[in-house]
Amino acid sequence: MSEDVMMEPPSADRKWTAGSIRLASCTVSAREISARLGIVADKEFERGSLMSPRNPASARRKNSAWIRRSGLANDSDLADHVRVLVGLLDGCREELARLSVDCRTELFLGFGSENGQGGCALPADLLADVAGLGLDIVLDLYPPGAVDDW
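What you see is a predicted model, and the numbers here were worked out from it, not measured in a lab. Residue positions are counted from 1 within each chain, in the order its sequence is given. The predicted nature of this model means local features are confined to residues of pLDDT at least 70 and side-chain atom pairs, given and counted, to a pLDDT of 80 or more, with totals for whole chains, interfaces and linings taken over all residues. Hydrogens are left out, water is left out, and the side-chain values use all remaining heavy atoms of the structure.

A. Expanded view of the environment of Glu32. Relative to the helices and strands, Glu32 resides in helix H1 (residues 30–37). For every residue, the accessible area obtained with a 1.4 Å probe (protein chains only) is divided by the maximum for its type, and the residue is called buried under 20%, exposed over 50%, and partly exposed between those limits. On the accessibility criterion, Glu32 (34% relative accessible area) is partly exposed. Along the sequence, Glu32 and Trp66 sit 34 residues apart, while their C-alpha atoms lie 9.6 Å from each other. The way it works is that DSSP assigns letters per residue, a run of H or I at least four long becomes a helix, a run of E at least two long becomes a strand, and they are numbered from the N terminus.

B. Spatial organisation of the confidence of the model for the protein. One number per residue, pLDDT, summarises how confident the predictor is, and it ranges from 0 to 100. This prediction gives the protein a mean pLDDT of 87; 86% of its residues lie at or above 70. Any two residues whose heavy atoms approach within 4.5 Å at even a single point are treated as in contact. Low pLDDT, under 50, characterises residues 1–10; the predicted model gives this stretch one contact beyond four residues in sequence or across chains.

C. A look at the packing of aromatic side chains. By convention, a stacked pair of Phe, Tyr or Trp rings (six-membered ring in the case of Trp) has centres within 6.5 Å and planes under 30 degrees apart, an edge-to-face pair has planes over 60 apart, and any other such pair is tilted. In total, this model carries zero aromatic pairs according to the counting rule given. Only lysine NZ and arginine CZ atoms are considered, and such an atom sits over a ring when it is within 6 Å of the ring centre and within 35 degrees of the ring normal. The ring of Phe108 has Arg22 sitting right over it, with the charged end atom 3.7 Å from the ring centre.

D. Looking closely at the sheet that holds strand E1 (residues 15–25). Here a strand pair is declared whenever DSSP counts at least two bridges between the two strands. If you trace the five strands from one edge of the open sheet to the other, you get E2-E3-E1-E4-E5, paired in mixed fashion. Across the chains shown, the open sheet's two edge strands, defined by having one partner strand only, are strand E2 (43–45) and strand E5 (136–142). The average angle at which neighbouring strand axes cross in this sheet is 20°, direction not considered. Pairing between E1 and strand E3 (residues 64–69): six bridges, direction antiparallel. Where helices are involved, their axes are fitted lines through C-alpha atoms of the stretch in contact, as for all axes, and angles between N-to-C directions lie from 0 to 180°.

E. Structural detail: the nonpolar core. For our purposes a nonpolar core is just a set of buried Ala, Val, Leu, Ile, Met, Phe, Trp, Tyr and Cys residues, chained together by side-chain atoms within 4.5 Å. Counting residues in hydrophobic clusters, the biggest one holds 24 residues, and the most contacted among them are Leu23, Ile33, Leu37, Trp66, Leu89 and Leu107. Looking at this core, the elements that each hand over two or more residues are E1, H1, helix H2 (78–89), helix H3 (93–99), strand E4 (104–113) and helix H4 (124–133). When residues in this core are grouped by element, the largest group, six residues, is from H2. Aside from chain neighbours lying at most four places away, what touches Ile33 is Leu23, Val28, Trp66, Leu99 and Cys103.

F. Fine view of H1. Regarding H1, the residues found buried are Ala30, Ile33, Ser34 and Leu37. Down the axis of H1, the sector holding all buried residues measures 100°, keeping them to one side. Facing away from the buried side of H1, by more than 90 degrees, are the exposed residues Arg31 and Ala35. Count one or two residues on from H1 and you reach Gly38, which has phi positive near 70°. Comment: arc refers to directions from the helix axis out to C-beta atoms.

G. Representation of the pairing of E1 in the model. Across the 11 residues that make up E1, a large majority, nine, are buried. With 10 bridges connecting them, E1 and E4 associate as antiparallel partners. In the sheet register, Arg22 faces E4, and the bridge partner there is Glu106.

As structure tokens, this is what we get:
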């Protein structure tokens, strides 16, 4: 590397974000949620399955869970995660409303920073879009160094 290129030390205020849609139900299977929405989940867990598949003595899941991530990098703006997820569900509003009778429907957002401080802005029109889908917003905050936990 050339000596005239100066390397910057890692920023002490580096932030990370993540976003996903989560649906959970004790009556509707994760596979059925995928079929009804026409969207493939990133993760699916069926009711009654082991919490830890490698441990046959582990607890069993009380609910089925369907999870779809935004697919954006962790350095993306939190609002961009929300926009992608809202866009993903835009074509299936009616089915999502029907599923909400038997499912907990959430927009699950993660936020963390290296120094434990930070914030983000979610524009009113974007929040209106989320409300129009009937999704609850769950904001999960993480302490410094916790990016690998998500």
